[in-house]
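Commentary on secondary and tertiary structure
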Amino acid sequence: MATLADIAAEAGVSEATVSRVLNDKPGVSDGSRQSVLVALDLLGYERPTRLRRRSAGLVGVVVPELENPIFPAFAQVIDDALSSRRYTPVLCTQSPGGISEDEYVESLLDHGVAGILFVSGRHADRAADHERYRALIDRGLPVVFVNGYAPELDAPFLSTDDHEAMTLAVSHLVQLGHTRIGLATGPNRYVPALRKSEGFVAALGRSLGTSPEEARGWIEEALYTLEGGAAATRRLLDRGATAIVCGSDPMALGAVRAVRGAGRRVPDDVSVIGFDDSRLTQFFDPPLTTVRQPVQTMGLAAVDALVNAMEGEPSPSHEYLFRPELVLRSSTGRAPG
């Protein structure tokens, strides 16, 4: 078991301060108290009962899966924000053939959750039945949706501005001299993918004067996976693309592999841009230029909206768009020739 000296050293405070925190005594600043609590957790020290905060209630956090690093990133921000507000998050993740979103919702309702936050759920699928969400709203359960929009639902939606994301990506590539630019994105039945396609078409029109019909010919739909990105990239390379914008970072990794599989180099022959800026992108070979989703800002805003609703002050029911950022690394370069 960690000693007072161990905890004090980890927290950067005196042993007397650690003792006051452990015994829940006054005379300790909020910053020092938090440092001691963090040290307890890092050292595996079980908090005394008096220091354990009572939960204000359970909150469901539903994400589609954890293989794409962007979803654990959202889950971590949301988990931390809910915990800091004394709510206990219940993370629900899906996988092919596993528990469905509807089944998770039923289980969450059985456990009496105070609200549910959906990240890239079925609300993002234009072909899906949204009656489940409408039923939740009609029964008065606070819900908030991240990345995806269903205008018929009376709830707050928080989304990355996908049109702006494509403007940033295409403008950068055009400045580098690229004119044959492709987009590898997810199926257009999903709102974020559709918006990326719309933004891409508009951006090519503004930057290169490309007609909408011609621009749509530079779009390939695939799964948001490494394999999907590779398959879409191979088709775009066959059309002569010298730059590929991808709908996710895993797709971009697949694009890099497809370029190399075709005997070409990134970025000397083909530039690649990802989407999300998940933590590992800077360690790709080459490090990935990508459009960063404002995960921290969006996650905190989503929790604020949900907690406000659970505490009787619901946010206006419309969509809030968050501006992305282009992060330049070495997977993009000047157009060849």
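I will try to describe carefully the structure that is included in this document.

1. Notes on the overall build of the chain
Looking only at helices and strands, one finds 12 helices and 12 strands in the chain. Burial status across the chain gives 50% buried among its 337 residues. Looking at the chain alone, contacts between residues at least 24 apart form 70% of all its contacts between residues at least 6 apart. Carbon and sulfur atoms provide 49% of the accessible area of the chain, an area that totals close to 15700 Å². In the chain, 33 positive and 43 negative side-chain charges are present, and the distance between their average locations comes to 3 Å.

2. Quick look at the sheet that holds strand S11 (residues 319-322)
Backbone hydrogen bonds are what pair the strands of a sheet, in a parallel or an antiparallel way. Strand order in the open sheet made by the 6 strands is S2-S1-S3-S4-S5-S11, with parallel pairing throughout. Looking along the sheet, the strands with just one partner apiece sit at the ends: strand S2 (87-93) and S11. Neighbouring strand axes in the sheet, compared pairwise and without regard to direction, differ in orientation by 20° on average. With 4 bridges joining them, strand S5 (residues 157-160) and S11 adopt parallel strand pairing. Among the inter-strand pairings, Thr160 is bridged to a residue of S11, identified as Phe322. Set on the sheet, helix H4 (residues 70-84) makes contact with strand S1 (57-63), S2, strand S3 (115-119) and strand S4 (143-146); between it and S2 the angle comes to about 160°.

3. What to know about the packing of helix H2 (residues 15-22) against helix H3 (residues 30-42)
Relative placement of two packed helices is described by the angle separating their axes and the distance separating the axes. At a minimum axis separation of 10 Å, H2 and H3 run at an interaxial angle of 85°. In terms of their interaxial angle, H2 and H3 are classed as roughly perpendicular. Of the residues in H3, those touching H2 at Thr17, Val18, Val21 and Leu22 are Ser32, Arg33, Val36, Leu37 and Leu40. Its residues placed into classes, the contact of H2 with H3 shows 6 nonpolar, 2 polar and 1 charged.

4. Some thoughts on the sheet that holds strand S7 (residues 219-221)
What the 6 strands build is an open sheet, ordered S7-S6-S8-S9-S10-S12; its pairing is mixed. What marks the edges here is a single partner per strand, and that holds for S7 and strand S12 (325-327). Here the average twist between neighbouring strands, direction ignored, is 20°. As defined by bridge partners, strand S8 (residues 243-246) adjoins strand S9 (residues 271-276) across 3 bridges and the pair is classed as parallel. Looking across to S9, one finds that Ile244 is bridged to Val272. Here helix H11 (residues 249-261) sits on the sheet and contacts strand S6 (181-185), S8, S9 and strand S10 (289-292); the angle it forms with S9, its principal contact strand, is near 160°.

5. Considerations on the environment of Asp268
Within the secondary structure, Asp268 is located in the loop between H11 and S9. The exposure class of Asp268 is partly exposed, given its relative accessible area of 44%. Asp268 sits 64 residues away from Thr332 along the chain, and the two C-alpha atoms are 8.2 Å apart. Ignoring any residue separated from it by four or fewer positions in sequence, one finds Asp268 in contact with Arg334 and Pro336.

6. Here's the deal with the pattern of salt bridges
Per the counting criterion, the structure on display carries 17 salt bridges. Between Asp102 and Arg122 there is a salt bridge, and its shortest N-O distance comes to 3.0 Å. Note that Asp102 is positioned in helix H5 (residues 101-110) and Arg122 in the loop between S3 and helix H6 (131-138), a separation of 20 residues in sequence. Taking relative accessible area as the criterion, Asp102 reaches 25% and is therefore assigned partly exposed. When its relative accessible area of 29% is taken as the criterion, Arg122 is described as partly exposed. Salt bridges linked by common partners bring Asp102, Glu106, Arg122 and Arg132 together as one network.

7. As for H3
Each α-helix turn comprises 3.6 residues. Residues three or four places apart therefore point the same way. Over its 13 residues, H3 extends 18 Å from the first C-alpha to the last, a length consistent with the 18 Å expected when each residue adds 1.5 Å. Every buried residue of H3 is accounted for by Val36, Leu37, Ala39 and Leu40. For H3, the arc enclosing every buried residue in end-on projection is 160°, short of the 170-degree limit, so these residues lie on one face. Set apart from the buried face of H3 by more than 90 degrees, the exposed residues are Asp30 and Leu42. Buried residues belonging to H3 abut helix H1 (4-11) and H2. Directly beyond the C-terminal end of H3, a positive phi value near 75° is found at Gly44.

8. Quick look at a nonpolar patch on the surface
Residues Val38, Leu42 and Leu43 make up a contiguous nonpolar surface patch of roughly 250 Å² in combined accessible area. Summarising the element assignment, Val38 is placed in helix H3.

9. Some remarks on the environment of Pro294
Relative to the elements of secondary structure, Pro294 occurs in the loop between S10 and helix H12 (295-310). Residues contacting Pro294, with those up to four places away along its chain left out, are Thr160, Phe322, Arg323 and Pro324.

10. Re the pairing of S4
Where burial is concerned, the two faces of S4 agree: the one with Val143 and Phe145 and the one with Val144 and Val146 are both buried. Looking at chain direction, S3 and S4 are connected through 4 bridges and run parallel. What sits directly across from Phe118, in S4, is Phe145. Handedness of the crossover is the feature at issue here: the chain leaves S3, passes through H6, returns alongside S4, and the resulting connection is right-handed. In terms of strand pairing, S4 meets S5 through 2 bridges, oriented parallel. Bridged to Phe145 within S5 is Phe157.

Cut-offs used in this document
Residues numbered from 1 in each chain as written. Predicted model: local features only at pLDDT ≥ 70, side-chain atom pairs only at ≥ 80, totals over all residues. Heavy atoms only, no water. Helix = DSSP H or I, 4+ residues; strand = E, 2+ residues; numbered from the N terminus. Buried < 20%, exposed > 50% of the residue type's maximum accessible area, 1.4 Å probe, protein only. Contact = heavy atoms within 4.5 Å. Areas by Shrake-Rupley, 256 points an atom, 1.4 Å probe, with all protein chains shown as cover. Lys, Arg positive; Asp, Glu negative; His and termini not counted. Charge placed at Lys NZ, Arg CZ, Asp CG, Glu CD. Pairing = 2+ DSSP bridges. Axes fitted to C-alpha atoms, helices over the stretch in contact; angles between N-to-C directions. Parallel < 35°, antiparallel > 145°, perpendicular 65-115°, else oblique. Nonpolar A, V, L, I, M, F, W, Y, C, P; charged D, E, K, R; others polar. Salt bridge = Lys/Arg side-chain N within 4 Å of Asp/Glu carboxyl O. Expected span 1.5 Å × (residues − 1). Arc of directions from axis to C-beta. Patch = residues over 30% accessible without salt bridge, like charges linked within 9 Å, V, L, I, M, F, W, Y side chains within 5 Å. Right-handed = clockwise from strand over helix to strand, strands pointing away.

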